[in-house]
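Each chain, written out:
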Amino acid sequence: MPTLTNRQILLRRRPRGLVEPEDTELVTVAAPEPADGEALVRTTYVGIDAAARTWLDDQPSYLPPVQLGECIRAAGIGEVVESRCDAYSVGDVVTTLTGFQEYTLVRDDLFTTPVPGPGDQVDQRAVMSVYGPTGATAYFGMTGVGRPAPGETVVVSAAAGATGSVAGQIAKIAGARVVGIAGGPHKCRVVVEEFGFDACIDYRGDDLAAALKKHCPRGVDVYFDNVGGPILNAVLGRLAPKARVVLCGVISSYLTGDHPGPSNYVNLLAKTASMQGFNALDEWGRFDEAFAALRRWDEEGLLVHREHVFEGIESCVDALNGLFTGANIGKTLVRLSGS
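The notes below deal with the structure included here. (Residues numbered from 1 in each chain as written. Predicted model: local features only at pLDDT ≥ 70, side-chain atom pairs only at ≥ 80, totals over all residues. Heavy atoms only, no water.)

**Notes on the layout of surface pockets**
Inclusion rule: Using protein atoms alone on a 1 Å grid, points that fit a 1.4 Å probe yet trap it form a cavity, whereas open point sets bounded by protein on both sides within 12 Å along at least five of seven lines form a pocket; residues with an atom within 4 Å of a point count as lining. Grid points are joined across faces, edges and corners, and a volume is the space filled by probe spheres set on the points. Here a helix means four or more residues in a row that DSSP labels H or I, a strand means two or more in a row labelled E, and each is numbered from the N terminus. Note that Gly is not counted as nonpolar here; it falls among the polar residues with everything else outside the nonpolar set of Ala, Val, Leu, Ile, Met, Phe, Trp, Tyr, Cys and Pro and the charged set of Asp, Glu, Lys and Arg.
Estimates place the volume of the second largest pocket at around 410 Å³. Along the wall of the second largest pocket there are 23 residues; nearest its centre are Leu97, Thr98, Gln101, Thr104 and Leu105. When residues of the lining of the second largest pocket are traced back to their parent elements, those giving at least two are β1 (5-11), β2 (24-30) and β6 (103-106). Residues that form the lining of the second largest pocket fall into these classes: 11 nonpolar, 8 polar and 4 charged.

Pasting the structure below:
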């Protein structure tokens, strides 16, 4: 096939706070050529997740930090355009760690998952919103750690975001009463009117403690936490007996790196409650189970997904920063090619 060029965004300086123009560089290089056991994927969409910002810091995590001069890491979806790997054929659609780049190499490993069905019939935006890492995270966190029961009260922070919106809908399917927390009246309306939550608290405009008391009069049985910080502390102060707190993300402190401990953690003891973190990658062997359940609920009309799509590789950094300035509703994607 003809020589392909690959535009990619490299990390040049470790950001402090939001990613500044001087922190990255957009370069054009030759697309990599697959060796035996590899395939070349053309990226259709890059998924923008808050975790991608943490990988830019020189701090240990479940994945190593992006090094200076490396392409910025991110999950995405694309189409196989050349293959020397038995696991993939040209035309296959796969999810993988594409990074902020137009082409990437993949292997038959846990980071790459083929999407079932003819490539031209795959709804790639739905895959990124529901049938990929975002949906799996919501599924395993809510069903495995939160375990909501009919009649219980579930609170979800960052409820208008990609993971929170799906997690809350899973709790509704389980028969729980679900209260979201989001920033601003518009997002709160979307959480209730589109995602089907029973109520939504505007943490920017409401007295959070008073609103939690109003909407959760018998306490919070399950809290799905995406933000940490003062919001986590406020919900800990409203726990019901035997409550389960699901630690999914800490977006409130990803920019600063400061993680203040919640003073209300003592309520875990008083209410004999539990607080547990999780990583969806630990459940790799159960991803088919998660996607089957999510697909069934979607087909039954029980799941709604929404995407905020940016255009072109040049917008990747703006899209990432938008997660921290409140620009997104649903899954944030950057379209690099295709439909």
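**Some thoughts on the packing of helix α3 (residues 133-146) against helix α4 (residues 162-173)**
Note the threshold: In this analysis, axes come from line fits to C-alpha atoms, helices being fitted only over the stretch in contact, and the angle between any two N-to-C directions falls in the range 0 to 180 degrees. In this scheme, roughly parallel covers angles under 35 degrees and roughly antiparallel covers those over 145, while 65 to 115 is roughly perpendicular and the rest are oblique. Here a crossing is called left-handed whenever its near helix is offset anticlockwise from the far helix by less than a right angle, and right-handed whenever the offset is clockwise. We call two residues in contact when some of their heavy atoms are within 4.5 Å.
Close contact between α3 and α4 brings their axes to 8 Å; oriented N to C, the two are set at 45°. Judged by the angle between their axes, α3 and α4 are oblique. The element α3 and its partner α4 pack so that their crossing is right-handed. Touching Thr134, Thr137, Ala138, Tyr139, Met142 and Thr143 of α3 are Ala162, Thr163, Val166, Ala167, Ile170 and Ala171, all from α4. Each residue belonging to the contact of α3 with α4 can be placed in one class, and the counts come to 8 nonpolar, 4 polar and no charged.

**Regarding the environment of Thr95**
With respect to the helices and strands, the residue Thr95 is situated in strand β5 (residues 93-96). Measuring from C-alpha to C-alpha, the distance between Thr95 and Pro133 comes to 8.9 Å, with 38 residues separating the pair along the chain. Ignoring anything within four residues of it in the chain, the contact list for Thr95 reads Gly76, Ile77, Phe111, Thr112, Thr113, Val115 and Val127.

**Things to note about the sheet that holds strand β8 (residues 153-157)**
We count it as follows: By the convention used here, strands pair only if DSSP detects at least 2 bridges between them.
Taken together, 6 strands build an open sheet; the order of strands is β10-β9-β8-β11-β12-β13 and the sheet is parallel. At either margin of the open sheet sits one strand with a lone partner, and together these are β10 (199-202) and β13 (274-277). For this sheet, the mean angle separating the axes of adjacent strands, direction not counted, is 15°. Two elements, strand β9 (residues 177-182) and β10, share 4 bridges in a ladder whose sense is parallel.

**Quick notes on helix α5 (residues 185-193)**
Where we set the bar: We call a residue buried when its accessible area falls under 20% of the maximum for its residue type, exposed when it is over 50%, and partly exposed in between, using a 1.4 Å probe and counting protein chains only. Summarising the geometry, the arc corresponds to the directions from the helix axis toward the C-beta atoms.
Among the residues of α5, Lys187, Cys188, Val190 and Val191 are the ones counted as buried. In an axial view of α5, the angular spread of the buried residues amounts to 160°, which keeps them on one side of the axis. What points out from α5, more than 90 degrees from its buried face, is the exposed set Pro185 and Glu193. On the buried face of α5, the contacting elements are β9 and β10.

**Remarks on the environment of Asp258**
With respect to the element layout, Asp258 can be found in the loop between β12 (239-247) and α8 (266-270). A residue is classified by how much of its surface remains accessible, and Asp258, at 51% relative accessible area, is exposed. Along the backbone, Asp258 and Gly229 are 29 residues apart, and their C-alpha atoms lie at a distance of 9.3 Å.

**Considerations on the packing of aromatic side chains**
Put simply, the rule is: Pairs were defined over the aromatic rings of Phe, Tyr and Trp, the Trp ring being its six-membered one, requiring ring centres within 6.5 Å. Orientation was assigned from the angle between planes: stacked under 30 degrees, edge-to-face over 60, tilted for the rest.
Going through the model one piece at a time under the given rule, you end up with 7 aromatic pairs. Between Trp55 and Tyr62, the aromatic rings sit 6.2 Å apart at their centres with planes inclined by 75°, giving edge-to-face as the arrangement. A ring pair is formed by Phe287 and Phe291, whose centres lie 5.6 Å apart and whose planes are at 80°; its orientation type is edge-to-face. Taken as a pair, Phe287 and Phe291 lie in helix α9 (residues 287-299) at a separation of 4 residues, close to a single helical turn.

**Some points on empty space enclosed by the protein**
By the definition in use, this model includes 1 cavity of 30 Å³ or more. Taken as a whole, the largest cavity encloses approximately 30 Å³ of empty space. In terms of lining, the largest cavity is formed by Ser129, Ala162, Ser165, Val166, Val304, His305, Arg306, Gly330 and Lys331. Element by element, the count of residues in the lining of the largest cavity is highest for α4, at 3 residues. For the lining of the largest cavity, the class distribution of residues is 3 nonpolar, 4 polar and 2 charged.

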